[in-house]
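# Descriptive structure summary
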Amino acid sequence: WRSLFCGGSGRGLLLFRSSRLAKNAHKMHGGRDGQKKDDDEYELMPFQAIEKGAVLQESRCFSATPLDPRKCCHVLTKLLFLIAQGETFTTNEATEVFFSVTKLFQSQDVVLRRLMYLVLKELTAMSDSVIIVISSLTKDMNSNIDVYRANSIRVLCNILTEIAMLGQGERYIKQAIVDKDPYVSSSALISGYHLVHQNPSNLDVVKRWFNEVQDAAKSKYTMVQYHALGLLYKLRQHDRLAVSKLVVSMARSTVRSPYAHCLLIRLAVRVLGDNEQIDRTLMDYLEGCLRHKSDMVELEAARAITSLPNITSKELASAVSALQLFLSSSKPTLRFAAVRVLSKLSVQHPSAVSACNLDMENLITDVNRSVATLAITTLLKTGSEASVDRLMKQIGSFMNEISDDFKMVVVDAIGTLCVKYPRKQRTLMAFLSESLRDEGGQEYKRGIVEAIVKIVDTIPEAKEAGLSHLCEFIEDCEYPALSTRVLYVLGEKGPNSKCPSKFIRYIYNRLILENARVRASSVNALAKFGRRLPQLRPSVLVLLSRCLRDTDDEVRDRATFHLSLLQKENFDACKGSDFVDEPIKQPLVNLEEALSGYLASGECGVAPFDISQVSLEPPRGPPSKKKRDDDAPGRAHPAAAAAAAAAATPYEEQLAAVPELEGLGTLFVSSKPLELTESETEYTVNCVVHTFPQHFVLQVRADPLPARMSFLSHPFSLPSVLLF
């Protein structure tokens, strides 16, 4: 709803009218002899070929005497078109044009003045010394012409971001809020909203207008009431109780504007979401909006009710009934909005949406493919098992006509449906396989692959067919990321299939035909077959030995590692497959200390290292950084260990004294102090990074601490970073 406060709709309307005028002029001056053009013919925009330099030259007409209003309007329209198209103006160019436009204040042409205000507002952010125009704008604020007053208020508030700079202008804006003309009143309300939004320091001053804004909220004009409600919420948005009182009081009062109703509905949902108990006043208001004469209000109320948490099926019945009526509307926008809300609702409450299945089946043949796609995906979530075959045939008829975004919606629905009805996995898997062979982007293909993997994990009977479809996909896959994903799945699930040897051929083909990234993944997948299937290990060793001559070092290193592991005589006896495939359960700190002790004990090469003897308990203190001695390799130097322990102890005690850090776990390691200031300054600031299992703590220290400096908790973009 915030976008409706931008106040820039006049520019789009102006360009639209200019386009229509140019098109009509082209027909009047012999464009195809005034005949009607074909619908498929490309139509040029009226200002498509204009250049910025030419328009800047034409802007000199603003200083002409006498002034030509018609020509000036045409040049101003070109400037607005360039700005709307993203054309960049240098500061000098924008300033020069800005001051040229200010000369149009002498004109009394209403259309020209409205265009002038719009151009001034757009050029404010690009120009320098724009304050010089304040006197002219303040004069227009006291004008008897409502158009001048309204536009001058909006431009002036766009130039001055602080109300204190307005001086007496604040009183004029306050009076304009309750003006009889709705255009002036809306302009003042929008200006107040932007002043608070752009500079929060203006909030206290705008709050003085509260009584006037509250009177404007009772206005009979549609946009005035809507803008007043938006400003009231902006003034109270940080006070939850005040927002709740505002919403309840507005819900009990008479609201005439449909836009205000939509905004009030969204605020009511926010209030209901913050409270544990549902306020019956707001629920009655939402249910009453379902019978509003405006389609926009009905749809917003239905969407709001369906989005409430912990809503029951009984409370959903009225909203679903209202949406069901829109499914048979003659307007495509209403049909699309209704079926989209029902599609989201079907995920949590499929039984409540099933009452609309008959109406949604009629939308399958809708000329709007977006509506048809949402209707079918909703039916897949709410329909019965008997209707799956019929729906899948209808989906295949227009899958090539919709975008990848809607295709992904269909794929997600099919994956969920296959888990719901396992006996239909052959039909659904065949559809997904055909979709893999069709044209589509990487994200769309990724969604299909993940859907097949989900089906394979959930339904054991679909494992063989699913892996076969994935093997066929990587034979002609143009996305290396998807090929590596499929190869990983084949390596994990292929050895446990009924005929694992058939998958080795597909994997080895990737070693011959693909790039280094995919070849490296293929080596890992082949090694998994060799580790888990002793009968296939000789064949896998032959294939891996051929990878030793690969051009990529990563592929060669992986092949060398797996070959040396698989060629050990006691590989099966020592459970080498479990050692490689299973994650290490021992903490890395304990494992490092055990390995260091094993190397220092002299048993290396005499007795094997027993990983089962490593403790599974995490260390309680920070590990000491050991430094090797020249005389005794492998042994920690006592002085170095003592220094490291002494350095870690103060930090550990300081961290333990902070109550907020108690739940972070055991301190892993602390960094050296990092100087944040120059040594020549009157005070120095340094930072120490403490590493915990799931968090980083930054300890900042100033020495000496300046009188005006204090350290406060600062929220980082990462939730696992704390500062104290």
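The shown structure was predicted, so the numbers you read here are calculated from the model rather than taken from an experiment.

## Points about the overall build of the protein chain
In terms of helices and strands, the protein chain carries 34 helices and 5 strands. Counting only residues that meet the buried cut, the protein chain has 44% of its 724 residues in that class. Here the contacts in the protein chain between residues at least 6 apart in sequence split such that 62% fall between residues at least 24 apart. Accessible area for the protein chain stands at about 39,900 Å²; split by element, carbon and sulfur atoms hold 52% of it.

## Re the pattern of salt bridges
For the coordinates displayed, the defined rule picks out 22 salt bridges. Across the pair Glu450 and Arg485 runs a salt bridge whose closest N-O atoms are separated by 3.1 Å. Taken together, the residues span a long stretch of sequence, with Glu450 in helix 25 (residues 442-458) and Arg485 in helix 27 (residues 480-493) at a distance of 35 residues. On the basis of relative accessible area, Glu450 is assigned to the partly exposed category, the value being 33%. The partner of Arg510 in a salt bridge is Glu475, with the nearest N and O atoms 3.2 Å apart. Here Arg510 is found in helix 28 (residues 501-513), whereas its partner Glu475 is found in the loop between helix 26 (463-474) and helix 27, with 35 residues between them in sequence. Residue classification places Glu475 among the partly exposed residues on the basis of a relative accessible area of 33%.

## Considerations on unusual backbone geometry
Following Thr65, the chain continues into Pro66 via a peptide bond in cis, with omega recorded as 0 degrees. Relative to the assigned elements, Pro66 resides in the loop between helix 2 (52-58) and helix 3 (69-84).

## Some points on the confidence of the model for the protein chain
Overall, the predicted model of the protein chain reaches an average pLDDT of 80, with 83% of residues at or above 70. Element-level mean pLDDT values for the protein chain span from 40 in helix 1 (residues 9-28) up to 93 in helix 16 (residues 295-306). Confidence drops under a pLDDT of 50 for residues 1-42, and excluding neighbours within four residues, the segment shows 42 contacts in the predicted structure. The low-confidence segment residues 625-648, where pLDDT is below 50, has 17 contacts with residues more than four positions distant or belonging to other chains.

## A word on the environment of Thr666
Within the secondary structure, Thr666 is located in the loop between helix 34 (638-656) and strand 1 (669-670). Counting along the chain gives 25 residues from Thr666 to Thr691, while the straight-line C-alpha distance between them is 9.0 Å.

## Describing the packing of helix 25 against helix 26
One way to put it is that helix 25 packs onto helix 26 with a least axis distance of 8 Å and a crossing angle of 155 degrees. Taken as axis vectors, helix 25 and helix 26 run roughly antiparallel relative to one another. Crossing hand, helix 25 versus helix 26: left-handed. Between helix 25, through Lys445, Val449, Ile452, Val453 and Val456, and helix 26, the contact on the second element is made entirely by Lys463, Gly466, Leu470 and Phe473. Across the contact of helix 25 with helix 26, the residue classes break down as 6 nonpolar, 1 polar and 2 charged.

## With respect to a nonpolar patch on the surface
On the surface, a cluster of nonpolar side chains totalling about 240 Å² of accessible area is made up of Met223, Tyr259 and Met296. Locating Met296 in the fold gives a position in helix 16.

## Examining the pairing of strand 3 (residues 684-691)
Remark: a regular strand shows side chains that alternate across the two faces of the sheet. Counting buried positions along strand 3 gives 6 out of 8 residues, so the element sits mostly inside the fold. Examined bridge by bridge, strand 1 and strand 3 share 2 bridges and lie antiparallel to one another. Across the sheet, the residue bridging to Ser670 is His690, located in strand 3. Note: strand 2 (residues 674-675) against strand 3, 2 bridges, orientation antiparallel.

## A look at the environment of Gln324
Locating Gln324 in the fold gives a position in helix 17 (residues 313-326). Measuring from C-alpha to C-alpha, the distance between Gln324 and Leu342 comes to 9.0 Å, with 18 residues separating the pair along the chain. The contact partners of Gln324, leaving out residues within four places of it in the chain, are Ala355, Cys356 and Asp359.

## Comments concerning the packing of aromatic side chains
Within this structure, the stated rule accounts for 4 aromatic pairs. Residues Phe105 and Tyr117 carry aromatic rings whose centres are separated by 6.2 Å and whose planes lie at 75 degrees to one another, so their mutual orientation is edge-to-face. Of this pair, Phe105 sits in the loop between helix 4 (91-102) and helix 5 (110-123) while Tyr117 sits in helix 5; the two residues are 12 residues apart in sequence, bridging distant segments of the chain. Here Phe105 falls in the buried class, since its relative accessible area comes to 15%. Tyr117 gets classed as buried once you look at its relative accessible area, which sits at 1%. Measuring from ring centre to ring centre gives 5.9 Å for Tyr226 and Tyr259, while their planes differ by 50 degrees; the resulting arrangement is tilted. On the criterion of sequence distance, the pair formed by Tyr226 in helix 12 (residues 222-236) and Tyr259 in helix 14 (residues 258-274) is long-range, its members being 33 residues apart. The exposure class assigned to Tyr226 is buried, which follows from its relative accessible area of 1%. Above the plane of the ring of Tyr193 lies Lys234, whose end atom (NZ or CZ) is 5.4 Å from the centre.

## Regarding the packing of helix 7 (residues 146-159) against helix 9 (residues 182-198)
For the pair helix 7 and helix 9, interaxial distance at closest approach is 9 Å and the crossing angle is 0 degrees. Of the possible angle classes, the one that applies to helix 7 and helix 9 is roughly parallel. Residues Asp146, Val147, Arg149, Ala150, Asn151, Ile153, Arg154, Cys157 and Asn158 of helix 7 pack against Tyr183, Val184, Ser187, Ala188, Ser191, Leu195 and Gln198 of helix 9. Among the residues making up the contact of helix 7 with helix 9, the classes are represented as 8 nonpolar, 5 polar and 3 charged.

## Focus on the nonpolar core
The biggest cluster of nonpolar side chains holds 186 residues, and the ones touching the most others in it are Phe62, Leu76, Val101, Leu286, Met360, Leu380 and Leu432. A total of 10 residues in this core trace back to one element, the largest contributor, which is helix 14. Setting aside anything within four residues of it in sequence, one finds Val101 in contact with Phe62, Leu76, Met116, Val119 and Leu120. Residues Leu655, Val658, Leu661 and Leu664 belong to the second largest nonpolar core, which totals 7 residues.

## Some points on the state of the cysteines
Enumeration according to the criterion identifies 0 disulfides in this entry. Here Cys289 is not disulfide-linked; the sulfur of Cys262 is the nearest cysteine sulfur, at 8.5 Å.

## Section: helix 31 (residues 553-566)
Turn by turn, an α-helix covers 3.6 residues, leaving residues three or four places apart pointing in a common direction. Here helix 31 spans 20 Å end to end across 14 residues, near enough to the 20 Å set by a 1.5 Å rise per residue. Of all the residues in helix 31, the buried ones are Val555, Ala559, His562, Leu563, Leu565 and Leu566. Down the axis of helix 31, the buried set is contained in an arc of 165 degrees. They therefore lie on one face. Near the N-terminus of helix 31, the side chain that reaches the backbone nitrogen of Glu554, with its oxygen 3.1 Å away, is that of Asp552.

## Examining the pairing of strand 4 (residues 696-703)
The sheet contact formed by strand 3 and strand 4 spans 8 bridges and is antiparallel. The residue of strand 4 that forms the bridge with Val688 is Gln699. Taking the residues that link successive antiparallel strands as the turn, the strand 3-strand 4 hairpin has 4 residues.

## Details of helix 25
Taking 1.5 Å per residue, 17 residues should reach 24 Å; helix 25 reaches 24 Å between its end C-alpha atoms and fits that length. Within the sequence span of helix 25, burial applies to Tyr444, Lys445, Gly447, Ile448, Val449, Ala451, Ile452, Val453, Ile455 and Val456. Lining the buried residues of helix 25 we find helix 23 (404-420), helix 24 (425-437), helix 26 and helix 27.

What counts, and at which threshold
- Residues numbered from 1 in each chain as written.
- Predicted model: local features only at pLDDT ≥ 70, side-chain atom pairs only at ≥ 80, totals over all residues.
- Heavy atoms only, no water.
- Helix = DSSP H or I, 4+ residues; strand = E, 2+ residues; numbered from the N terminus.
- Buried < 20%, exposed > 50% of the residue type's maximum accessible area, 1.4 Å probe, protein only.
- Contact = heavy atoms within 4.5 Å.
- Areas by Shrake-Rupley, 256 points an atom, 1.4 Å probe, with all protein chains shown as cover.
- Salt bridge = Lys/Arg side-chain N within 4 Å of Asp/Glu carboxyl O.
- pLDDT = per-residue confidence, 0-100.
- Axes fitted to C-alpha atoms, helices over the stretch in contact; angles between N-to-C directions.
- Parallel < 35°, antiparallel > 145°, perpendicular 65-115°, else oblique.
- Left-handed = near helix turned anticlockwise from the far one by under 90°.
- Nonpolar A, V, L, I, M, F, W, Y, C, P; charged D, E, K, R; others polar.
- Patch = residues over 30% accessible without salt bridge, like charges linked within 9 Å, V, L, I, M, F, W, Y side chains within 5 Å.
- Pairing = 2+ DSSP bridges.
- Phe/Tyr/Trp six-rings, centres within 6.5 Å; stacked < 30°, edge-to-face > 60°.
- Lys NZ or Arg CZ within 6 Å of the ring centre and 35° of its normal.
- Core = buried A, V, L, I, M, F, W, Y, C linked by side-chain atoms within 4.5 Å.
- Disulfide = S-S within 2.5 Å.
- Expected span 1.5 Å × (residues − 1).
- Arc of directions from axis to C-beta.
- Polar contact = N/O pair within 3.5 Å; in protein donor to acceptor, adjacent residues only side chain to side chain.

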